[in-house]
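Each chain is listed here by its residues.
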Amino acid sequence: MAGKKMILGMALTDGYGNLAGAWRAPHVDADNYARTDANIRYAQSAERGGFTFLFTPDFPAVRGNDERSTLSNIMDPMMQLAAISQATSRIGFVATGSTTFQEPFNTARQFKALDVMSHGRAGWNAVTTSDPAVSANYGKPVADRAVRYRRAHESIQVVEALWGSWQEDAWIKDQSSGRFIDASKLRPVNLQGEHVASRGPLAIPPSEQGQPVIFTSGGPSPHLLQLAGRYASGFIAEVWTIEEARAQREMVRNAAREAGRDPDEIKYFAGLMTTVAPTVREGLDRRLALAGDVIEARLPHLGALLGLHIEPSRYDEPLTPQQLAAAHASPMDPRSSIALAVARGGWSPRDILAHGVIDYHPTTVGPAEVHADHLQEWFEAGAVDGFWLSPDIYEDGVDAFVDEVVPVLRARGIYPERYVGATLRENLGVPRQYGPDPRIMKATARAR
């Protein structure tokens, strides 16, 4: 990784943060879910810290019926990001869009419009969708995985063809001659697949980066790896250890090689949840104050994770030497080894869980150096090209990371001092593309 610089993105979800109970923090406006100005402020803070992109996961359904939990979803990614794009100038926007339930023409139109509006800063996280709650909202049954991925391949091919259907020099806009467009360079695509089709063309010109950047996300199944290898320039991962991340990253890079692409054209991002505080103890107390109910419910699960029986009366006391000697990490759950390592640091079961050991991603808690050490270790181990961060509370957690952690990363020479360019492709370090990748089209034609 010598000479390379770390890339950072930030998850943008519900206006509150990743910590359960963040919406109840005294300094947080409970209306933030419906306030675009809050997300604009968080985006501007991330841009001040040189973040390359915002990432909006999307689950177009309501999860469960817990009255105390937020919806953990941005209201509408495309509308929110369109607004944010007008209040920022460098940070990119990677929005999730389903290939299963969205028609390619709508996807192509929305994302390319955002790309033009933002002057070349849009990305599409192309995902298949299998959740019954989502399928019910679209009035369709859940298709099996093979069908979903066949449709995904077709959808991406149609979207890219539509993005390129307004050729780069088609827009003449010559007021003196009266020629607005060269009609020969705005052509239908006339694509018909097994699952999707579109005539086209798409009446949107290229952006400064040509067209949006395609991302994929999830676990490295053979289906997803093939999709990522052919089309993606970014891979959003969920991994717990350096070894797991390094292995996954190489699988993603190999998928690009097999598709006839340079593996450096696809960047691999691991998730990290952050709580920046003056000390680890203060960070744990911040988390316990807001996520105490969730942590309380998870305490019995921790014992199972470590292979121990922990008496409820001892939840606030460190594990005994006998318990630590008997504890063991389950090979079936990479979180077990993390929980065991924290336990050996002398923390109580409640504090172990406050470290986020069974959250959705690894969690770092404490002063700037704690976060910088984690990021640097993974990056220099070749496990990642960068990270997508989830601050505990957006209201102050983004600024804390930018003001305290970013300077440490820059001082260590592993994070850029400024944006490389003005577009998402430039700041990711991936090549320009307009329309379908000819290498993939040739390989697809040969396969037929």
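It should be noted that the structure appears before, not after, this text.
Position numbers for residues count from 1 along each chain, tracking the sequence in the order it is written. Reporting of local features is limited, given that this is a predicted model, to residues whose pLDDT is at least 70; pairs of side-chain atoms are given and counted only at 80 or more, and all residues count toward the totals for whole chains, interfaces and linings. Hydrogens and water molecules were not included; the side-chain quantities draw on all heavy atoms of the structure.

A. Region of the structure containing the packing of aromatic side chains. Aromatic rings from Phe, Tyr and Trp, taking only the six-membered ring of Trp, are treated as a pair when their centres fall within 6.5 Å; an angle between ring planes under 30 degrees marks them as stacked, one over 60 as edge-to-face, and anything in between as tilted. Across all of its chains, the model carries 13 aromatic pairs by this definition. In this scheme, Lys NZ or Arg CZ marks a charge over a ring once it lies within 6 Å of the ring centre and within 35 degrees of the ring normal. When the ring centre of W171 is taken as reference, the NZ or CZ atom of K173 above it lies at 4.1 Å.

B. Representation of the environment of A368 within the structure. Numbering of helices and strands runs from the N terminus, with a helix taken as a DSSP run of H or I at least four residues long and a strand as a DSSP run of E at least two residues long. Along the chain, A368 falls in helix 12 (residues 368-380). Sequence spacing of A368 and E426 is 58 residues, and the spatial spacing of their C-alpha atoms is 28 Å. Two residues qualify as a contact provided that any one of their heavy atoms is within 4.5 Å of a heavy atom in the partner residue. With near-sequence residues (within four places) excluded, A368 lies in contact with E404, V405 and V408.

C. Layout of the side chain of D351. With respect to the secondary-structure elements, D351 resides in helix 11 (residues 349-354). Of the polar contacts made by the side chain of D351, one reaches the side chain of R281; its length is 2.8 Å. Setting aside residues up to four positions removed in sequence, D351 forms contacts with R281, L284 and L288. Here a polar contact is taken to be a pair of N or O atoms separated by no more than 3.5 Å, where protein atoms must pair a possible hydrogen donor with a possible acceptor and residues adjacent in sequence count only if both atoms sit in side chains.

D. Just helix 13 (residues 394-411), in detail. Relative to the 26 Å expected for 18 residues at 1.5 Å per residue, helix 13 spans 25 Å between its end C-alpha atoms, a close match to the ideal helical length. Across the chain, bend at a residue is computed as the angle between axes fitted to the seven residues ending at that point and the seven starting from it. In helix 13, a bend of some 35° at V405 exceeds every other bend along the element, and P407, a proline, comes one to four places later. For helix 13, every residue scored as buried is listed here: Y394, G397, V398, A400, F401, V402, V405, V406, V408, L409 and R410. Residues of helix 13 that are buried make contact with strand 1 (7-11), helix 1 (36-48), strand 11 (267-276), helix 8 (280-306), helix 12 and strand 13 (386-391). One or two positions beyond helix 13, positive phi appears at G413, with a value near 75°. What a helix should span is 1.5 Å times the count of its residues minus one. Per-residue accessibility, obtained with a 1.4 Å probe over protein chains only, is compared with the maximum for each type, and a residue is labelled buried under 20%, exposed over 50%, and partly exposed between these values.

E. The environment of D14, seen in detail. Mapped onto the elements, D14 comes out in the loop between strand 1 and helix 1. Note: C-alpha distance between D14 and V28 (14 residues apart in sequence) is 12 Å. If we skip the residues at most four places from it in the chain, D14 touches N32, Y33, T70, S72, N73, I74 and Y394. One polar contact links the side chain of D14 to the main-chain amide nitrogen of Y16, over a distance of 2.8 Å. Engagement of the side chain of D14 in a polar contact is seen with the side chain of T70, the distance being 2.7 Å.

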